[in-house]
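As a plain string of letters, each chain reads:
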Amino acid sequence: MANFKLNINGKIQEVDVDPNTPLLWVLREHLNLVGAKYGCGIAQCGSCTVHVQGVAVRSCMLAVSTVGNQEITTIEGLSENGEHPVQEAWLELDVPQCGYCQTGQIMTAAALLENNPNPSDEEIDMAMNGNICRCGTYVRIKKAIKLAANS
Amino acid sequence: MKNDPKILPERGFTRREFLKSSGGVALFIGASGLMSQLISCSDTEGIKEQLEKHPITAWVQITEDGEITIYNPAAEMGQGSMTSLPLLFAEEMDADWSRVRVEFSPQESDIYGSEGWAPGSKLMFTVGSRTTKAYYPVMRKAGAQARYILRSSAADHWGVPLAETSTKNSEVIHTSGKKISYGDLVPYLTVPEDMPDISENDLKKQEDFELVGKYIPRTELPSKTDGSAQFAIDIILPNMVYAVLERGNLHGASPTLLNEAEILAMDGVLKLVPFDYAIGVVAKSLEQALSAKKQLNIKWGDSPASGFNSQEVYATYEKIANQADKGRILNEIGSVDNAASIAAKSYTADFKNDYVYHAQMEPLNAIIQVAEDGQSAEVWVGSQQGPDTKLGVPDILGIPPEKVNVHLQYLGGGFGRRSMNDFVEECAFIAKEMAPLAVKLMWTREDDVGYGAFRPLSLQRLRASLDNQGNITGFSHCVIGDGGHLVASGARNDHYNIPNQLVEWRSATHGVRLKHWRAVGHGANKFAIECMLDEVAFQQNMDPVALRRKLMANSPRALATLEKVVEISNWNGPLKEGRAKGVSFVEHGSLGTGVCEISVDRKTGKIRVHHFWIAVDAGVIVQPDNVKAQMEGGIIMGMSSVLNEQITIKDGRVEQSNYHNYPLLRMQDVPDSIETVLIDSNEIPEGVGETATPMVAGAIANAFLKLTGKRLRHIPFTPERVLAILNS
């Protein structure tokens, strides 16, 4: 066990866990920030996506000990009331079905648009290819990213 | 609705708690339609009396400020029940939809069930695309009853005849122009002396619908974009411990744990719980439970699946298909043997389907807390419900069903997997041992794949007989596989006018766990049927659409979907070089015809689907945009399973373990467009969740035949298989 002070959504949060614990379990089971989801545990599905220093990362394979004082943003901290342009576009187009993967999709899309405000189809495919949606909402995800880019 | 840290989940409640805690007035509508009661929510004694005397139904609650809460009796797994069912109620109640909130109803099928399979029975079971169809009459009638009570209360309050009142947008209106809002009516609500039964004639006509058939955003989507939507896996209770099981990947094998003392000495480990087929570990934290699971040294025994090799079994299936004796006859019209004996031409083909896995994004999990005395339990779970709405928990705990309170949560995908309670029962078993601590049982993705319950492997042998005019006179369909209905559904052809038809099932058993998977047997059987029709068309040099048009002559609704999709896909229009279109028809409650446009990379064998067009007749459409979403999702799931997905079994063991070796379709392989047209209809609504998925394999294989003259007859059409066929 070791003590970690994490900078999450602009707040310092303290946890006492094994240093190898994935950030995902720290967020979900220790800090009750459950918006990031567990899907595979091997960085294959993207459900656990959060931002570390603005970059979309899979928190399921990121040991808490490697985070240091980097800024972590989860879906809970992406916007005050769900009014991030990506979230608004998601609602505008009724993107989610079961919704389980969508927070990860939104975090990946938000990071994409942060770095590339007008991505091409190929750039969207490349950025979003690490996020699986079993309900098959991809067509709407793609439309929503373009809508958010134009907003 | 942000999740507050460390606070008990709010969703889910016992019926009594709900009645006691609700503000305003709960409007109870008798299940029979005759027994109506209004009880002030502070009148707990009155509530108890009523609950004891009558099987009452509480569908709606109205507060004095006009907020209306409607209860959804079905699971929400992305298919939209959280909107479609309350919408039907609100439509008939004339509720102001902007003031409606939706919550899950308690899991009590006597009160909240729709008509079950047995006459007179009631069921809460979100399966088989039955929700909208089964609840359409229930929700509308209940909503109309609520409206009647509101109108009659206003009429009494004003001292005017009932006939002079009408309703609109949460107001009762008198012919004089006087109005009162539903909220303002709350203090005056009274139950009519003799509540009339509501008949079909008392319900709205389709042309008068104000909500049904319109674009209405889904109610729970804001919570699914800001991260606050609560799935069972998100629940954290005080004093909660974590349980994981090692089940191995040889289904049903018995474990012997060889290092119990070592595991028990690990950090945080609280208990080991043996199962017949698994070893359970309970620990203080999830990471401790998972670490201990990794260290388990288990010797596995044999199981009925031992020695089974899935990719070699097709040779056996072919031998079974060759046998003269027929299997279990599932449908027979005329005589296919007579038709064959006088046929001018006969075609026979085999179609094969490997196992596929559900891969719902939320791995299975449940949270159960058993009371210290062991006499009651609280269950939080994402479940498709079932004939036992208490999901097997009462039997495991040895307590009556009414002592088990199930708090239904959003499902992170169902697809049939969550219509099976194995994971809930495991959690109950461990929670009993750990009482009064709450137990969160988690399946890892590896558990979910390795101990999955798959869509069965199957072989379809089809034979089509033709007369000398090229008409199909006989069609026989022999299914070989494990799982009965799981392999046999969807093999009938009720919309193709073929005078002699036979469907038979020949069984096989392998000891591999099986379960309903979106569209069940339709996936494999529609693939076989639709490819067989194109085989006939190909051999006869006929247009596949013209062939189906002839077969659908007596099924105007099916034919209309064919004609519509031909139109929107520009079936006869010019195509880009290297592309072809294929067509496929499916009935699964609703009727749908799909057309896809594909190309194939002849170097890699990779098939690319560029466009998909669908025309669907689902009767009255409650939420048009959501039906389109179901078609889009169904096509994507179909493409994923048809192009990528394969579970293989070697010596009884599942060879795949996670998404790296069970690849799902990703963004880069999504078609440029999926276009759906909904056919206008005033027939009763039919399910739409399973109509698109089974049309994919046939449409792709038929387009491939047109493009290459070669046949894809084994799902999945992986690049390796496609390449082998192209080079054959």
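Residues numbered from 1 in each chain as written. Chains lettered and ligands numbered in written order. Predicted model: local features only at pLDDT ≥ 70, side-chain atom pairs only at ≥ 80, totals over all residues.

### Thoughts on the overall build of chain B
Okay, so step 1: Along chain B, the regular secondary structure elements total 21 helices and 31 strands.
Okay, so step 2: Compactness check: chain B gives a C-alpha radius of gyration of 28 Å against a globular reference of 27 Å for 728 residues, within 12% of the reference.
Okay, so step 3: A total of 728 residues make up chain B; the buried ones form 55% of that total.
Okay, so step 4: Considering only residue pairs separated by 6 or more positions, chain B has 76% of its internal contacts joining residues 24 or more positions apart. (Helix = DSSP H or I, 4+ residues; strand = E, 2+ residues; numbered from the N terminus. Rg over C-alpha atoms; globule rule 2.2 N^0.38 Å. Buried ≥ 20, exposed ≤ 12 C-beta atoms within 10 Å, placed from the backbone. Contact = placed C-beta atoms within 7 Å.)

### Quick look at the overall build of chain A
Okay, so step 1: Looking only at helices and strands, chain A has six helices and five strands in total.
Okay, so step 2: The order of helices and strands in chain A, counted from the N terminus, is β-β-α-β-β-β-α-α-α-α-α.
Okay, so step 3: In summary, chain A has a C-alpha radius of gyration of 15 Å against a globular reference of 15 Å for 151 residues, a match within 12%.
Okay, so step 4: By principal-axis analysis of the C-alpha atoms, chain A measures approximately 45 × 25 × 25 Å.
Okay, so step 5: Taking all 151 residues of chain A together, the buried fraction comes to 60%.
Okay, so step 6: Summarising the internal contacts of chain A: among those between residues at least 6 apart in sequence, 60% fall at separations of at least 24.

### A look at the domain arrangement of chain A
Residue and element names in this part refer to chain A.
Okay, so step 1: Entries for chain A in the domain assignment read domain 1 (2-76) and domain 2 (85-149).
Okay, so step 2: Relative to domain 2, the C-alpha centre of domain 1 lies at a distance of 21 Å.
Okay, so step 3: Contacts between the two partners involve 15 residues from domain 1 and, on the opposite side, twelve residues from domain 2.
Okay, so step 4: Going through the elements one at a time, strand E3 (49-52) and strand E4 (55-58) are the ones with two or more residues in the side of domain 1 that touches domain 2.
Okay, so step 5: With three residues, E3 is the largest single contributor of residues to the side of domain 1 that touches domain 2. (Domains from an automatic or database assignment.)

### A few points about the interface of chain B and chain A
Okay, so step 1: Between chain B and chain A, the residue contacts involve 48 residues of the former and 41 residues of the latter.
Okay, so step 2: For the side of chain B that touches chain A, the elements supplying multiple residues, two or more each, are helix H7 (221-225), helix H9 (286-295) and helix H19 (624-643) of chain B.
Okay, so step 3: The element contributing the most residues to the side of chain B that touches chain A is H19 of chain B, with seven residues.
Okay, so step 4: Broken down by class, the residue content of the side of chain B that touches chain A amounts to 24 nonpolar, 13 polar and eleven charged. (Nonpolar A, V, L, I, M, F, W, Y, C, P; charged D, E, K, R; others polar.)

### Description of the environment of Asp350 of chain B
Okay, so step 1: Relative to the helices and strands, Asp350 of chain B is located in strand E17 (residues 345-353).
Okay, so step 2: Put simply, Asp350 of chain B and Glu318 of chain B are 32 residues apart on the chain and 8.4 Å apart in space, counted from C-alpha to C-alpha.

### Examining the sheet that holds strand E18 (residues 365-370) of chain B
All names here are of chain B.
Okay, so step 1: Read across the sheet, seven strands follow the order E13-E14-E11-E21-E18-E19-E20 without closing on themselves; strand pairing throughout is mixed. The strands lining the two open edges of the sheet, one partner per strand, are strand E13 (269-274) and strand E20 (404-408). Each adjacent strand pair in this sheet contributes to an overall mean axis angle of 20 degrees, direction not counted.
Okay, so step 2: Note: strand E11 (residues 240-246) against strand E14 (residues 279-283), five bridges, orientation antiparallel. Its bridge partner being in E14, Ala243 is matched across the sheet by Val282. (Pairing = 2+ DSSP bridges. Axes fitted to C-alpha atoms, helices over the stretch in contact; angles between N-to-C directions.)

### Considerations on the nonpolar core
All names here are of chain B.
Okay, so step 1: Ala243, Ala366, Val379, Cys427, Val439 and Ile700 are the most contacted members of the largest nonpolar core, which totals 261 residues.
Okay, so step 2: Of all the elements, helix H5 (residues 131-158) adds the most residues to this core, at twelve residues.
Okay, so step 3: Excluding residues within four positions of it along the chain, Val379 makes contact with Ala366, Ile368, Leu391, Val393, Val404, Asn405, Val406, His407 and Val424.
Okay, so step 4: Membership of the second largest hydrophobic core comes to five residues, among which are Ile111, Tyr112, Met124 and Phe125. (Core = buried A, V, L, I, M, F, W, Y, C linked by C-beta atoms within 7 Å.)

### Some thoughts on the pairing of E4 of chain A
All names here are of chain A.
Okay, so step 1: Bridging between E3 and E4 involves four bridges; their strand directions are antiparallel. Each bridged residue has a counterpart across the sheet, and for His51 the counterpart in E4 is Ala56.
Okay, so step 2: Counting the residues between successive antiparallel strands, the hairpin from E3 to E4 contains two residues, one of them, Gln53, with a positive phi of roughly 55 degrees.

### So, the packing of helix H17 (residues 544-551) of chain B against helix H18 (residues 556-568) of chain B
All names here are of chain B.
Okay, so step 1: Close contact between H17 and H18 brings their axes to 9 Å; oriented N to C, the two are set at 160 degrees. By the angle between their axes, H17 is roughly antiparallel relative to H18. Considering the relative orientation of H17 and H18, their crossing is left-handed. Only Leu559, Leu562 and Val566 of H18 make contact with H17, whose side of the interface consists of Val545, Arg548 and Arg549.
Okay, so step 2: Broken down by class, the residue content of the contact of H17 with H18 amounts to four nonpolar, no polar and two charged. (Parallel < 35°, antiparallel > 145°, perpendicular 65-115°, else oblique. Left-handed = near helix turned anticlockwise from the far one by under 90°.)

### A short note on the domain arrangement of chain B
Interfaces are often described in size by the accessible area the parts lose on coming together.
Residues and elements named next belong to chain B.
Okay, so step 1: In terms of domain boundaries, chain B breaks down into domain 1 (15-212), domain 2 (232-303 + 364-442) and domain 3 (310-356 + 454-726).
Okay, so step 2: Placing the centre of domain 1 and that of domain 3 at their C-alpha centroids yields a distance of 42 Å.
Okay, so step 3: Facing the 15 residues of domain 1 at the interface are 16 residues of domain 3.
Okay, so step 4: Counting residues per element, the ones that place at least two in the side of domain 1 that touches domain 3 are helix H3 (81-93) and H5.

### Some words on unusual backbone geometry
Residues and elements named next belong to chain B.
Okay, so step 1: Omega for the bond connecting Ala435 with Pro436 falls within 30 degrees of zero, at 5 degrees, which places this linkage in the cis form.
Okay, so step 2: Looking at the element boundaries, Pro436 is found in the loop between helix H13 (422-434) and strand E21 (438-442).
Okay, so step 3: The residue after Ile715, namely Pro716, is reached through a cis peptide bond having omega 5 degrees.
Okay, so step 4: Mapped onto the fold, Pro716 is located in the loop between strand E31 (714-715) and helix H21 (719-726).

### Describing the sheet that holds strand E10 (residues 179-181) of chain B
Residues and elements named next belong to chain B.
Okay, so step 1: Spatially, three strands are ordered E8-E9-E10 in an open sheet, and the strand pairing comes out antiparallel. What marks the edges here is a single partner per strand, and that holds for strand E8 (165-168) and E10. Between one strand and the next, the sheet's axes are offset by a mean angle of 25 degrees, whatever the strand orientation.
Okay, so step 2: Pairing geometry for strand E9 (residues 171-174) and E10, over three bridges, is antiparallel. Across the sheet, residue Glu171 finds its bridge partner in E10, namely Ser181.
Okay, so step 3: Packed on one face of the sheet, H5 meets E8, E9 and E10 and runs near 130 degrees to E8.

### A short note on the UniProt feature "domain: Aldehyde oxidase/xanthine dehydrogenase a/b hammerhead" (unreviewed entry) in chain B
Okay, so step 1: Feature annotation in UniProt assigns "domain: Aldehyde oxidase/xanthine dehydrogenase a/b hammerhead" (unreviewed entry) to the following positions: residues 226-304 of chain B.
Okay, so step 2: As annotated, residues 226-304 of chain B has a helix share of 19% and a strand share of 30%, and its two end C-alpha atoms lie 47 Å apart. (UniProt positions renumbered as here; feature names shortened; annotations may be inferred.)

### Thoughts on H3 of chain B
Okay, so step 1: Between its terminal C-alpha atoms H3 of chain B stretches 18 Å, which fits the 18 Å expected from 13 residues at 1.5 Å a residue.
Okay, so step 2: Looking one or two residues past H3 of chain B, Asp94 of chain B carries a phi angle of roughly 60 degrees, positive in sign. (Expected span 1.5 Å × (residues − 1).)

### Quick look at the packing of helix H3 (residues 85-92) of chain A against helix H6 (residues 138-149) of chain A
All names here are of chain A.
Okay, so step 1: It is the contact of H3 with H6, at a shortest axis distance of 8 Å, that shows an interaxial angle of 130 degrees. Considering the angle they form, H3 stands oblique to H6. Handedness of the H3/H6 crossing: right-handed. Here Pro85, Val86, Ala89, Trp90 and Glu92 of H3 come into contact with H6, specifically with Ala144, Leu147 and Ala148.
Okay, so step 2: For the contact of H3 with H6, a count of residues per class yields seven nonpolar, no polar and one charged.

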